[in-house]
Amino acid sequence: MSALVNKLRQLRTESGQSPAIALPPKPTISADVLRLIQGRSRIQRVTQRATSADRFVPGVEIAPGLYFIEAFMDWGCPTPLIETAFARWEEPVAHHRLLHFDTETTGLAGGTGTRAWMIGAANWMADGRFRLRQLTTTTMGAEVAMLRTFADWIEPDTVLVSYNGKSYDSPLLRTRYRLARLPDRIHGLGHLDLLHPVRRHWKGVWENCRLATAERELLGVVREDDLPGSEAPAAWLTYLRGGSAVNLRRVMTHNAQDLKSLAGILLHMARLGATPINAVDMPQ
Amino acid sequence: MNALPDRYASDELVLRHPSDGRTLAQRLSKRYAARITGAFMVPGREGSFAPLPDDLPPALAQALRSRGVEQLYSHQAEAWAATQSGAHVAVVTPTASGKSLCYTLPVITAAMTQHAKALYLFPTKALAQDQVAELLELNQAGALGVKAFTFDGDTPGDARQAIRLHGDIVVSNPDMLHQAILPHHTKWAQFFENLRYVVIDEVHTYRGVFGSHVANVIRRLKRVCAFYGVSPQFILCSATIGNPKEHAEALIEDAVTAITESGAPTGDKHVLLWNPPVVNPDLGLRASARSQTNRIARLAIKSGMKTLVFAQSRTMVEVLTKYLKDVFDNDPRKPARIRAYRGGYLPKERRAAEREMRAGSIDGIVSTSALELGVDIGSLDVVVLNGYPGSVAATWQRFGRAGRRQQSALGVLVASSDPLDQYLVRHPEFFQGATPEHARIQPDQPLILLDHIRCAAFELPFVGDEMFGTEIATPWLDVLGEEGVLHREGDRWEWIADSYPAIAVSLRSVADGNFVVVDRTNGRQMIIAEVDYTAAPVTLYEGAIHMIQSVPYQVERLDWEGRKAYVTRTQADYYTDAIDYTKLKVLDCFDTSNAGCGQAHHGEVHVVRRVPGYKKIRFYSHENIGYGSVNLPDQELHTTAVWWQLAQVVLDAAFEDRQQALDGFLGAAYALHIVATVAVMAEARDLQKSVGSGDGAWFVSADVSGRGQIRGTDGQPAALAPDAPFTPTVYLYDAFPGGIGQSEPLFNRREDLVAQSVTLIERCDCRGGCPACVGPVLAADEDAATTPKALALRVLALLVAL
């Protein structure tokens, strides 16, 4: 194995690619491979090997490697029917049909190589309480169970609510369902992607239309010690490779707040109605 | 009527009445006998026909008849039978033999009767668009209900989803399949689930490095298809190469039924090999190929024959077009008779040119290799090649453009002063008897294979002992795990990185260190060219004069790490020539055999290449007017090579002194390199040469006076101690890391190569040596016994098999 790695490393340098970092030797493999090549491989980052004592993942392990958290709270005070004119829909939607969702993934590269490792979903119960559920995978093998569980939360009349989910989270999940050979329950669902109406109202008024900006401007939410979304992939990879769970937990907190903000922005937009208003609204 | 007097009145001596290929060939042979080194004729053939098959859907048969197709050529009927039996098929017939019906019929039939889908892969967008246009016409003629679309980089975003869901026939190219379709295959789920046929056209172009990459893309395609539960049938089309069935089978890694006999009728084809006359006997300088091509094309068009001229560069297309337009298009009120065609023109312009050619309203076309591939431009009578296109197969492919059913056609190959051209044109028997080159690929070349396993792992996880191509993927997956892009859990390797691997893999190179050339003239910042990693140190050093389309630029700054060269336009009256040293060390010897009084070997070598400086050489006079130094990192290479060496005692007996032995070796290496390049259908820079000692202690390069100069491992001139061991060796190595498969065939033909090198030198007309046989020499080396030619022959004589 080390001979193969060395050979590839060398071949790679010769062909003009950047040189590699030394690796510890590993057990050898097939002789053919060793004979053919002498290079070295393209190492872009050192794979982290350090293990950590802090491996605590909150929640109940409902399947091997799949952790589930459920919480109930009062949040939002929704009316029985939510107005949807702000999204240019014709009919209002019963509040219990709405399923707010947000994923945490392995990155933005797109394509079949990107996966979701956490799905968070929130909805209002019939009695108006807000239920927040999160599924977190701690192994790659737990993905199928996560996808199945999330599919069970979806009814034919479910309306998804997201922030940029139409372009990102939804296609990503549909790809994962297809790769896992599971039925795609997301296809054909109504989907309120709040990014677009927010842009219509406030593009050019705020410095940007990211969720963090919208929650601050519309809801007065200011997060403390928040882990930026761009660091979520690394948080999971670290845990997967045996490292600390501290950032994984921070991502779970981040995701939970994302869901709450999503619901809050939805209610705010519903009350605004169809016409964009340029006046800055007071927080609720 | 031309307004100006015809300044080529002497042309009338050649032309009398409208003529055909045979007559023109005869007249040219008579008048220019001294320039024609070879003339032969390929006889034409009667057509061989078959009725439209019974199992064709009636609507499709009706659509064909309404477009004038009442029966099929025999090879089209054979292709139908083979595809209906479920076999993979390779159709190997010449251009304009109706190859597309061989795949159109099975594909449309399957679309109509089973809602089956097909993927077409073409090497160029022009060909792809032509195909879709033809399919749409046929579809309309019979209201067949088949939807065909191109899917490439130009397809607008909002159209893409519609094509994925509703396209029956998707026409794309290997790069798009590699970078856009496969890594997003779930979006194409419906398409793949119903995929029945994969049609790949012009497969002879998928050879060498490019072909090795494409073979791996096909492996990935088959793997994704297996995920969706399908195993499509491949229909491949190829021009005539030496090994079409073997090549097709290597590309798809499965058995193929090859259809090689064309049923299309053709007329006789006359071929002339033309060497421009010598204008300076001392220096061996010849008239330019351009002047000859101009004359031949002019005569052909004047005698009423439709003529196509192939030029090797876009600039030369413009030059030749201008010459011909001066004669034929100098009345602006009349429609143009001469047209230029090349890749740089807008698609609309190219489509217009193709239409006019098909309609017959153009008399002369000048084109680059863009017209070598199958775009339909109607029938032509004469094809003139301005310079040898680099392979026998490509030459016949171009000649194939000329020919009508009943009339004889003419093809003329005009040689330039390039050593390969001169070799070909002086060995007409080689050209006439040569089977077209074999196309070779090496899909398991380690760097290429690793890149594609990486892409495949992005597309679908690898599980257990899964194979990729012919090997178990596990060792490669471990490497990718170390790289940090894959994570292993149990027996599964899954993609974990935030990156998109296909973006970083170019199907046309092994290295990804290409340099871009940025023009900074007058403050702009425009990328005007791309140069690969191995060519960069000899063409992009600071101070270099770098020619792009014959326009000179000077390199002001080279950013080695950033892979950028900054240039400005220059008016300098000189060009630059890099001094290039390579030294070689043998790592492993796979095979050895005797070669005359010496030995030939095949094995693995380590090559170091350094460019210490460059010469400034004035244009036209070729005087050396100065030097510059270059400060660039050495380039190292592990690759495969074939090499010859002679023992010391043998050399001491054959030569008066070591300097002579060295000079002889350099000349022999030069000749062997030319001959070997032709033998493996390689581009000149894919196969490199070097002379040194087998242990890497010293190496030899030609110094400023053309004499062999020994240099030590540090690149500085050195003298060899009189009693030191002396075993000069000539190496021919593959210029790609890991080798690309040229060394083994060369080793197998080693005796042939030595014999051909001897013939090459003996037959050369020059006095003491020239760039067409042993390399450039000075007038001073004219002493009969020790000319560079004589010395090279002496070395080769020692290597000729006893």
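Residues numbered from 1 in each chain as written. Chains lettered and ligands numbered in written order. Predicted model: local features only at pLDDT ≥ 70, side-chain atom pairs only at ≥ 80, totals over all residues. Heavy atoms only, no water.

## Section: the overall build of chain B
Right, so step 1: A count of helical and extended segments in chain B gives 24 helices and 36 strands.
Right, so step 2: For chain B, with 802 residues in total, the buried portion stands at 56%.
Right, so step 3: Taking as baseline every contact in chain B between residues at least 6 positions apart, the subset at least 24 positions apart corresponds to 72%.
Right, so step 4: For chain B, the accessible area works out to roughly 32300 Å², and carbon and sulfur atoms hold 51% of it. (Helix = DSSP H or I, 4+ residues; strand = E, 2+ residues; numbered from the N terminus. Buried < 20%, exposed > 50% of the residue type's maximum accessible area, 1.4 Å probe, protein only. Contact = heavy atoms within 4.5 Å. Areas by Shrake-Rupley, 256 points an atom, 1.4 Å probe, with all protein chains shown as cover.)

## Quick look at the overall build of chain A
Right, so step 1: Within chain A one finds 8 helices and 9 strands.
Right, so step 2: Residues classed as buried in chain A amount to 52% of the 284 residues present.
Right, so step 3: Once local pairs closer than 6 in sequence are excluded, the contacts in chain A between residues at least 24 apart make up 72%.
Right, so step 4: When the accessible surface of chain A is summed, it comes to about 13100 Å², and 54% of that surface belongs to carbon and sulfur atoms.

## Side note on the environment of A:Ala50
Residues and elements named next belong to chain A.
Right, so step 1: Relative to the helices and strands, Ala50 is located in the loop between α2 (31-36) and β1 (60-63).
Right, so step 2: Measuring from C-alpha to C-alpha, the distance between Ala50 and Arg241 comes to 8.2 Å, with 191 residues separating the pair along the chain.
Right, so step 3: Setting aside chain neighbours within four positions, we find Ala50 in contact with Arg241, Gly242 and Gly243.

## Here's the deal with the sheet that holds strand β11 (residues 269-274) of chain B
Residues and elements named next belong to chain B.
Right, so step 1: Reading across from one edge, β1-β11-β18-β17-β14-β16-β15 is the order of the 7 strands in this open sheet, with mixed pairing throughout. Here the strands that pair on one side only, and so sit at the sheet edges, are β1 (36-42) and β15 (338-341). Each adjacent strand pair in this sheet contributes to an overall mean axis angle of 15°, direction not counted.
Right, so step 2: Inspection of the sheet shows β11 paired to strand β18 (residues 409-414) by 6 bridges, in the parallel sense. For Trp274, the partnering residue across the bridge sits in β18 and is Val414. (Pairing = 2+ DSSP bridges. Axes fitted to C-alpha atoms, helices over the stretch in contact; angles between N-to-C directions.)

## Topic: the packing of aromatic side chains
Right, so step 1: On inspection of all chains with the given rule, the structure shows 24 aromatic pairs over all chains.
Right, so step 2: Centre to centre, the rings of B:Phe151 and B:Trp188 are 4.8 Å apart; their planes meet at 80°, and the pair counts as edge-to-face. Remark: B:Trp188 occurs in the loop between α7 (174-181) and α8 (189-193) and B:Phe151 occurs in the loop between β6 (148-150) and α6 (157-166); sequence separation between them is 37 residues.
Right, so step 3: Note on B:Phe151: relative accessible area 1%, which makes it buried.
Right, so step 4: Stacked on the ring of B:Phe227, the Lys or Arg A:Arg181 has its end atom at 4.0 Å from the ring centre.
Right, so step 5: Over the ring of B:Phe747 we find B:Arg750, and its NZ or CZ is 4.2 Å from the ring centre. (Phe/Tyr/Trp six-rings, centres within 6.5 Å; stacked < 30°, edge-to-face > 60°. Lys NZ or Arg CZ within 6 Å of the ring centre and 35° of its normal.)

## Some details on the sheet that holds strand β19 (residues 462-463) of chain B
Residues and elements named next belong to chain B.
Right, so step 1: Here 3 strands make up an open sheet; going across it, the order is β19-β23-β22 and the pairing antiparallel. Every other strand in the sheet has two partners, leaving β19 and β22 (486-489) as the edge strands with one partner each.
Right, so step 2: Alignment of β22 against strand β23 (residues 492-495), held across 4 bridges, turns out to be antiparallel. If you follow Glu489 over to β23, its bridge partner there is Arg492.

## Examining the nonpolar core
Residue and element names in this part refer to chain B.
Right, so step 1: If you look at the biggest cluster of nonpolar residues, it comprises 114 residues, and the most contacted ones within it are Tyr120, Ile169, Leu371 and Trp644.
Right, so step 2: Among the elements that take part in this core, helix α21 (residues 658-679) stands out by supplying 13 residues, more than any other.
Right, so step 3: With 40 residues, the next largest nonpolar core counts Val214, Val224, Cys225 and Leu251 among its residues. (Core = buried A, V, L, I, M, F, W, Y, C linked by side-chain atoms within 4.5 Å.)

## Notes on the side chain of A:Thr149
Right, so step 1: Mapped onto the secondary structure, A:Thr149 falls in helix α3 (residues 143-152).
Right, so step 2: With residues near it in sequence (within four places) discarded, A:Thr149 still touches A:Ile62, A:Leu66 and A:Leu135.

## A word on the packing of helix α11 (residues 289-302) of chain B against helix α12 (residues 314-328) of chain B
All names here are of chain B.
Right, so step 1: Interaxial distance between α11 and α12 falls to 10 Å at its minimum, and their mutual angle equals 40°. Considering the angle they form, α11 stands oblique to α12. For the crossing formed where α11 meets α12, the hand is right-handed. Across the interface between the two elements, Arg290, Thr293, Asn294, Ala297, Arg298, Ile301 and Lys302 of α11 pack against Met316, Val319, Leu320, Tyr323, Leu324, Val327 and Phe328 of α12.
Right, so step 2: Broken down by class, the residue content of the contact of α11 with α12 amounts to 9 nonpolar, 2 polar and 3 charged. (Parallel < 35°, antiparallel > 145°, perpendicular 65-115°, else oblique. Left-handed = near helix turned anticlockwise from the far one by under 90°. Nonpolar A, V, L, I, M, F, W, Y, C, P; charged D, E, K, R; others polar.)

## Considering the state of the cysteines
Here a disulfide denotes one covalent bond, and it connects the sulfur atoms of two cysteines.
Residue and element names in this part refer to chain B.
Right, so step 1: Within this structure, the stated rule accounts for 0 disulfides over all chains.
Right, so step 2: Cys102 forms no disulfide, and the closest cysteine sulfur to it belongs to Cys237, at a distance of 6.5 Å.
Right, so step 3: According to the relative accessible area criterion, Cys102 is buried, its value standing at 1%. (Disulfide = S-S within 2.5 Å.)

## Some words on the pairing of strand β5 (residues 98-105) of chain A
Across a regular strand the side chains alternate sides, sitting on one face of the sheet and then on the other.
Residue and element names in this part refer to chain A.
Right, so step 1: β5 sits mainly inside the fold: 8 of its 8 residues count as buried.
Right, so step 2: Alternating residues of β5 divide into Leu98, His100, Asp102 and Glu104 and Leu99, Phe101, Thr103 and Thr105, and every residue in both groups is buried.
Right, so step 3: Relative to strand β8 (residues 159-162), β5 runs parallel, the two sharing 3 bridges. The residue of β8 that forms the bridge with His100 is Val161.
Right, so step 4: With 6 bridges joining them, β5 and strand β6 (residues 116-124) adopt antiparallel strand pairing. Following the sheet pairing, Asp102 is matched in β6 by Gly120.

## Details of the pattern of salt bridges
Right, so step 1: Taken as a whole, this structure holds 32 salt bridges over all chains when the rule is applied.
Right, so step 2: Residue A:Arg174 pairs with A:Asp184 through a salt bridge whose shortest N-O separation is 2.7 Å. Note that A:Arg174 is positioned in helix α4 (residues 169-179) and A:Asp184 in the loop between α4 and β9 (190-193), a separation of 10 residues in sequence.
Right, so step 3: Note on A:Asp184: relative accessible area 28%, which makes it partly exposed.
Right, so step 4: Connected via shared salt-bridge partners are A:Arg115, A:Glu143, A:Arg176, B:Arg492 and B:Glu494. (Salt bridge = Lys/Arg side-chain N within 4 Å of Asp/Glu carboxyl O.)

## Brief notes about the side chain of B:Thr83
Right, so step 1: Note that B:Thr83 resides in helix α3 (residues 74-84).
Right, so step 2: Polar side-chain contacts of B:Thr83 include one of 2.9 Å to the backbone oxygen of B:Trp80. (Polar contact = N/O pair within 3.5 Å; in protein donor to acceptor, adjacent residues only side chain to side chain.)

## Some thoughts on the pairing of β23(B)
Residues and elements named next belong to chain B.
Right, so step 1: Relative to β23, β19 is paired through 2 bridges, and the arrangement is antiparallel. Among the inter-strand pairings, Phe462 is bridged to a residue of β23, identified as Trp493.
Right, so step 2: Linking β22 to β23, which pair antiparallel, is a turn of 2 residues; within it Gly490 sits at a positive phi near 65°.

## Some words on unusual backbone geometry
Right, so step 1: The phi torsion at A:Arg88 lies on the positive side, around 65°, for a residue other than glycine.
Right, so step 2: In this fold, A:Arg88 is placed in the loop between β3 (81-82) and β4 (93-94).
Right, so step 3: For B:Glu253, which is not glycine, the phi torsion reads 55° and is therefore positive.
Right, so step 4: By the secondary structure assignment, B:Glu253 is in the loop between α10 (244-252) and β10 (257-259).

## What to know about the environment of B:Leu587
Right, so step 1: Looking at the secondary structure, you find B:Leu587 in strand β29 (residues 574-595).
Right, so step 2: Given the relative accessible area of 40%, B:Leu587 is considered partly exposed.

## What about helix α23 (residues 750-762) of chain B?
Right, so step 1: Counted at 1.5 Å a residue, the expected span for α23(B) with its 13 residues is 18 Å, and the 19 Å between its end C-alpha atoms agrees.
Right, so step 2: Every buried residue of α23(B) is listed here: B:Arg750, B:Leu753, B:Val754, B:Gln756, B:Ser757, B:Val758, B:Leu760 and B:Ile761. (Expected span 1.5 Å × (residues − 1).)

## Considering the packing of helix α7 (residues 232-240) of chain A against helix α8 (residues 246-272) of chain A
All names here are of chain A.
Right, so step 1: Orientation of α7 relative to α8, taken along the N-to-C sense of each, is 140°, at an axis distance of 8 Å. By the criterion of interaxial angle, the relationship of α7 to α8 is oblique. Judged by the twist between their axes, the crossing of α7 over α8 is left-handed. Contacts between α7 and α8 involve Ala232, Ala235, Trp236 and Tyr239 on the former and, on the latter, Asn247, Leu248 and Val251.
Right, so step 2: Split into classes, the residues belonging to the contact of α7 with α8 amount to 6 nonpolar, 1 polar and no charged.

## Topic: the environment of B:Val800
Right, so step 1: Structurally, B:Val800 can be placed in the segment after α24 (788-799).
Right, so step 2: Placed 585 residues apart in sequence, B:Val800 and B:Ala215 show a C-alpha to C-alpha distance of 39 Å.

## Here's the deal with the confidence of the model for chain A
All names here are of chain A.
Right, so step 1: Counting all residues, the mean pLDDT for chain A is 84, and 80% of those residues have values of 70 or more.
Right, so step 2: With pLDDT under 50 throughout, residues 19-46 is counted as low confidence; its partners more than four residues away or in other chains account for 90 contacts.
Right, so step 3: Counting interchain partners and residues more than four positions distant, the pLDDT-below-50 stretch residues 279-284 has 13 contacts. (pLDDT = per-residue confidence, 0-100.)

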